[in-house]
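Structure assessment
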Amino acid sequence: MEIISTEKAPAAIGPYSQGMKTNELLFTSGQIPIDPATGQVVEAEITAQAKQSIENVGAVLAAGGSSFEKVIKTTCFLADMKDFAAFNEVYAKYFITNPARSCVAVKTLPKGVLCEVEVIAER
């Protein structure tokens, strides 16, 4: 196994890595909408937060030698299912190969954000 780490995505805020590679697969940790340049959560609006979360996933994918086109499965967490349609509009611009997906509403997310995204991809 190999730990994936990049300064182009937010540092882990707990005892975990941004991602892990094993054999031919890459697993990302959940990425929340923190701007890696500032360390701050982006504006409190679902489309901006979805975009930043997914771009953070993309940075971890790139650091691990993968890309959005190689994503097999995504898991998406929303603080409110009322944001489902707006989240999907942003999501569809990045995950154009339509990987398998789960999307669930959760009670709360770290730092009070509106969404979190994690993926499994081929390397």
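Summarised in this report is the structure supplied together with it.

The rules behind the values
- Residues numbered from 1 in each chain as written.
- Predicted model: local features only at pLDDT ≥ 70, side-chain atom pairs only at ≥ 80, totals over all residues.
- Heavy atoms only, no water.
- Helix = DSSP H or I, 4+ residues; strand = E, 2+ residues; numbered from the N terminus.
- Buried < 20%, exposed > 50% of the residue type's maximum accessible area, 1.4 Å probe, protein only.
- Polar contact = N/O pair within 3.5 Å; in protein donor to acceptor, adjacent residues only side chain to side chain.
- Contact = heavy atoms within 4.5 Å.

Its place among the elements puts Thr 75 in strand β6 (residues 71-78). Assessed through its relative accessible area of 16%, Thr 75 is described here as buried. In terms of polar contacts, Thr 75 uses its side chain to reach the side chain of Lys 73, at 3.5 Å. With sequence-adjacent residues up to four places away left out, Thr 75 is seen in contact with Ser 102, Glu 116, Val 117 and Glu 118.

As for its placement among the helices and strands, Ser 29 is situated in the loop between β3 (25-28) and β4 (34-35). Looking at Ser 29, its side chain comes within polar contact range of the main-chain oxygen of Ser 17, at 2.4 Å. Those residues in contact with Ser 29 that lie beyond four places of it in its chain are Tyr 16, Ser 17, Gln 18, Gly 19, Val 117 and Glu 118.

Before going further, it helps to spend a moment on unusual backbone geometry. Residues other than glycine seldom take positive phi values, yet Asn 98 does so here, at roughly 55°. Tracing the sequence through the fold places Asn 98 in the loop between α2 (84-94) and β7 (100-105). Even without being a glycine, Lys 111 presents a positive backbone phi close to 60°. Checked against the element boundaries, Lys 111 lands in the loop between β7 and β8 (115-122).

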